[in-house]
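# Structural features, examined
So you can see what is in the structure, the chains are spelled out below.
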Amino acid sequence: MESKAIQRLQFPAMVYSDKGGRTVPSGSLNMSCGFMEHKKLRVFVSVPSVKIQQRKLPLKIACSYNKVPASTLKSESFKTPLSEELILKSKSKEVEPYLSGRCIYLVGMMGSGKTTVGKILSQVLCYSFFDSDTLIEEEVDGTSVADIFKHYGETFFRDKETEVLRKLSMTHRHVISTGGGAVVRPINWKYMHKGVSIWLDVPVEALAQRITAVGTNSRPLLHSEVGDAYTKTFMRLSSLFEERSQAYANANAKVSLENIAAKLGQKDVSDLTPTAIAIEALEQILGFLKSEDGYC
Ligand SMILES: Nc1ncnc2c1ncn2[C@@H]1O[C@H](COP(=O)(O)OP(=O)(O)O)[C@@H](O)[C@H]1O
Ligand SMILES: O=C(O)C1=C[C@@H](OP(=O)(O)O)[C@@H](O)[C@H](O)C1
């Protein structure tokens, strides 16, 4: 749910224009997707667990869209090994032709990293990024999600969410971070299945840690419990997860942080960088698209 201001400029222009396939949206599109070719470099898919080179990856965006300078898209900086950055770029090139411009929908619990990972995917695929919560806020005259819940109730919010997903389903070349509860209404799946959906499956303990760190102000469904911040967040998330886990499983593919950690020989999912998670997302997207095409 963080740093979403740019979307205000993009959504109205995009959402009503149904451009097929690889056609670009209306407005000026200045893409420079030419990532360095590493012809002599063999890039392996698994990320080495030994971090050879650590540096702050500013995640500079290679594309700019609708005259909004790419550099204005805010992205949090996480320490990312150069090796991961290279794998990410290589993987995105592999996935891109299979996607044929289809949107990517990230689903998962609050705090699962849909926004963080979604931005990385959008940058590397030269897609634009939308957060459905931000689009809902715009539909309600800039009212925050928390205030929409407070003043109009959850059903009103869910209706707006469905409407936003319906509009997005007519677009292409977007990565969309959905709200954690978007999976519950079957109609939303009708819209999300126009693109490719990925479930970011993060253990509830890790979710509670992340959300406790940033606070629950923007997440109204976490306001009710009593107790210390971590425990009440953990309790509420646990019950929401129980209610929703089957709905998340409707996604075309799943990215399990526990599986990534096991692959990389890491004990704690909290040590996984968003880039490592984005790489796995691309891997899973590719697997799904290939299976859809009958390649495996
Ligand atoms: N891989 C990660 N490691 C550590 N913190 C993360 C990771 N991914 C996201 N976060 C943090 O967790 C919080 C929630 O992430 P966010 O992307 O907003 O989740 P969502 O959009 O699913 O609600 C943010 O503060 C973000 O910085
Ligand atoms: O899980 C949910 O029902 C919700 C998740 C939130 O989005 P994030 O998943 O981006 O926090 C937001 O849509 C709203 O507070 C409801």
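Residues numbered from 1 in each chain as written. Chains lettered and ligands numbered in written order. Predicted model: local features only at pLDDT ≥ 70, side-chain atom pairs only at ≥ 80, totals over all residues. Heavy atoms only, no water.

## A short note on the overall build of the protein
For the record, the criterion: Helix and strand definitions here come from DSSP, where helices need a minimum of 4 consecutive H or I residues and strands a minimum of 2 consecutive E residues; each element is numbered from the N-terminal end. A simple rule labels every residue: compare its accessible area, found with a 1.4 Å probe on the protein chains alone, to the largest value its type can have, and call it buried under 20%, exposed over 50%, or partly exposed in between. Contacts are assigned to residue pairs with any non-hydrogen atoms lying within 4.5 Å of each other. Only the protein chains shown count as cover for residues, and the accessible areas themselves come from Shrake-Rupley with a 1.4 Å probe.
Each helix and strand in the protein was counted, giving 11 helices and 9 strands. Burial status across the protein gives 52% buried among its 296 residues. In the protein, of all internal contacts separated by at least 6 residues, the share reaching a separation of at least 24 is 78%. Only carbon and sulfur atoms are counted for the fraction: they give 52% of the accessible area of the protein, which is about 13,600 Å².

## Some points on helix α5 (residues 145–152)
For clarity, the threshold we go by: Arc definition: directions from the helix axis to the C-beta atoms.
Burial in α5 covers these residues: Val145, Ala146, Ile148 and Phe149. All buried residues of α5 project into a common sector of 165 degrees when viewed along the axis, lining one side. Exposed residues lying more than 90 degrees from the buried face of α5 are Lys150 and His151. Where α5 is buried, its residues meet α4 (132–139) and α6 (154–168). Following α5 by one or two positions, Gly153 has its phi on the positive side, about 95 degrees.

## Describing the site of ligand 2
For clarity, the cut-off: Any residue with a heavy atom lying within 4 Å of a molecule or strand is counted as near it. Distance and chemistry together define a polar contact, namely a pair of N or O atoms within 3.5 Å, with one atom able to donate a hydrogen and the other to accept it when in protein, and with adjacent residues in sequence counting only for side-chain atoms on both sides. All amino acids are sorted into three groups, where Ala, Val, Leu, Ile, Met, Phe, Trp, Tyr, Cys and Pro are nonpolar, Asp, Glu, Lys and Arg are charged, and the leftover types, Gly among them, are polar.
Surrounding ligand 2, one finds 14 residues, the nearest of these being Lys114, Asp133, Arg158, Arg219 and Arg244. At 2.7 Å from an oxygen atom of ligand 2 is found a side-chain nitrogen or oxygen belonging to Asp133. Contacts to ligand 2 include Arg219, whose side-chain N or O atom sits 2.8 Å from an oxygen atom. For ligand 2, whose free accessible area comes to 390 Å², the fraction covered by protein is 99%. Grouping the constituent residues of the shell around ligand 2 by class yields 6 nonpolar, 3 polar and 5 charged.

## Considerations on the confidence of the model for the protein
Worth spelling out the cut-off: pLDDT expresses, on a scale from 0 to 100, how confident the predictor is about each individual residue.
Summary statistics for the protein give a mean pLDDT of 80 and a share of 73% for residues scoring 70 or more. In this model residues 2–75 is a low-confidence stretch, pLDDT under 50, and it forms 148 contacts with partners more than four residues away in sequence or in other chains. In the model output, the complex is listed with pTM 0.80 alongside ipTM 0.99.

## Re the packing of aromatic side chains
Counted only if it meets this: Pairing of aromatic side chains here covers Phe, Tyr and the six-membered ring of Trp, requires ring centres within 6.5 Å, and sorts the geometry by plane angle: under 30 degrees stacked, over 60 edge-to-face, intermediate tilted.
Considering all chains together, one arrives at 4 aromatic pairs under this definition. A ring pair is formed by Phe149 and Phe157, whose centres lie 4.8 Å apart and whose planes are at 45 degrees; its orientation type is tilted. The same class applies to Phe149 and to Phe157, which are both buried. An angle of 20 degrees between the planes, with centres 5.7 Å apart, marks the rings of Trp199 and Tyr248 as stacked. Residue Trp199 is found in strand β8 (residues 196–201), and its partner Tyr248 is found in helix α9 (residues 229–248); the two are separated by 49 residues along the sequence. Residue Trp199 shares its accessibility class with Tyr248, and that shared class is buried.

## What to know about the environment of Thr275
Looking at where Thr275 falls in the secondary structure, it is placed in helix α11 (residues 274–292). Along the sequence, Thr275 and Asp201 sit 74 residues apart, while their C-alpha atoms lie 15 Å from each other. Among the polar contacts listed, one links the side chain of Thr275 to the side chain of Thr80, at a separation of 3.5 Å.

## What about the sheet that holds β8?
Filter applied, for reference: Strand pairing is defined by DSSP finding a minimum of two bridges between the two strands. Only C-alpha atoms enter the line fits that serve as axes; for helices the fit covers just the stretch in contact. Angles between N-to-C directions range over 0 to 180 degrees.
Ordered in space as β6-β7-β5-β8-β9, the 5 strands form an open sheet in which the pairing is parallel. Either end of the sheet is taken by a strand with one partner, and the two such strands are β6 (128–131) and β9 (253–256). This sheet shows a mean twist of 20 degrees between the axes of neighbouring strands, independent of strand direction.

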